[in-house]
Amino acid sequence: MREDQFNEMFLLHKALLMSPDGTKRAIAHGYTHLNEIKEVNTFINWLSRSKIAPRFAYQGERMVANRLGRKFMHLLGTDIDAIKRSYPDHIFSPGFEAFCKAVGSLRQEEKFGPLSAEALQYHVRQLQAYVKSPPFQSAVNYQGRGSRKNYAGLTKLIDALFESYSKLLVVRLDLGFRKSFPFGGQDDFHPTFEEVRGLWRQMLKFFRKRLKPRHLVGYAWKIEHAPDKGMHVHALLFFNGQEVSRDVQLAQMIGEYWAHQVTGGRGVYFNCKKEEYKYRGIGMIAHHDLELRKGLAIATAYLTKLDDLVSLVLPKGAKAFGKSAPPAGGHSGLGRPRMTIRKA
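Okay, so let's go over this structure. (Residues numbered from 1 in each chain as written. Predicted model: local features only at pLDDT ≥ 70, side-chain atom pairs only at ≥ 80, totals over all residues. Heavy atoms only, no water.)

1. Topic: the pairing of strand 1 (residues 56-59)
Across 4 bridges, strand 1 lies against strand 2 (residues 62-65) in antiparallel orientation. The partner of phenylalanine 56 across the bridge, within strand 2, is alanine 65. The turn linking strand 1 back onto strand 2 is made up of 2 residues, and glycine 60 within it adopts a positive phi angle of 70 degrees. (Pairing = 2+ DSSP bridges. Helix = DSSP H or I, 4+ residues; strand = E, 2+ residues; numbered from the N terminus.)

This is the structure we're talking about:
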């Protein structure tokens, strides 16, 4: 491919994502600004971890690239200006900002003539060097401080629960909303963050009304936003294992209430117990079972991981993560005598 053909292909790629009036086209699989941001952040993560540099070269008149290079070429179609206009007050991830800077440099260079393979390779390798640098890693660590704080707080709650109860029945549920196919049908329910937060408050009222306090002893939740799922809730529920043992029935009862009562039939739920995970961390877990508690720690890390997308729709001052207060007092006196354990 000659340089002029490459640049023509780049402009065509952008045009395919736009309607004739210049507005964003509703692609069937949900190609939205959120998807673009997610793809860029994923690419930056690959770039920072890869030992291989993106490469561009000519084979005759054809411009060819390795996998990272092809991904970068694909992302050149990202409508950065439209994204920035859509979220004018949002603080984007360090990786997304670094990508925007690299693309901006390329577009400035493009004003003086068609982009060459050498220009592409230079700018993307400069980008890779930066995302591997200590200043960039420091920026990423700073952005993740809230996630680390949530993880520490939830870990402290779980430790306190195990000090009070000899075993816990852990239920993990994903609560979302029905979507048509293709994604984005007119009958789809697209709730705002505040609406989802209100629906989750109804679930908490349901817990207090239908579940005995000595049964449900703790919980944690997180609202996330994904291009394919839209708004959804991850919930981690902790039951006293001396009082409750039927986790599948519990999950079904709670999920059905969400799907039909709280959301008026527009909800869906998924019981994570039905999936096989490499590290099991849900179901019945005894205080002294280090292997299952290790799996629970992994589930805790997943629940509290950094989610840059939900912050795009988060009202000022709102929180996307929450948990119950730790139990009052110490060991409940139920079950076998407490054993001292050491964490690996």
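Text resumes after the structure shown.
2. Examining the packing of aromatic side chains
Summed over all chains, the structure comprises 9 aromatic pairs. Here the aromatic rings of phenylalanine 72 and phenylalanine 99 are separated by 6.1 Å at their centres, their planes lie at 75 degrees, and the arrangement is edge-to-face. On the criterion of sequence distance, the pair formed by phenylalanine 72 in helix 3 (residues 67-75) and phenylalanine 99 in helix 5 (residues 94-110) is long-range, its members being 27 residues apart. Here phenylalanine 72 and phenylalanine 99 have matching classes, each one buried. Ring geometry for phenylalanine 92 against phenylalanine 96: centres 5.0 Å apart, planes inclined by 25 degrees, an arrangement best described as stacked. As far as burial versus exposure is concerned, phenylalanine 92 and phenylalanine 96 are alike and both buried. One aromatic cluster is present, built from ring pairs that chain together Trp200, Phe206, Phe207, Trp221 and Tyr257. (Phe/Tyr/Trp six-rings, centres within 6.5 Å; stacked < 30°, edge-to-face > 60°. Buried < 20%, exposed > 50% of the residue type's maximum accessible area, 1.4 Å probe, protein only.)

Any functional reading would require information beyond the geometric quantities listed.
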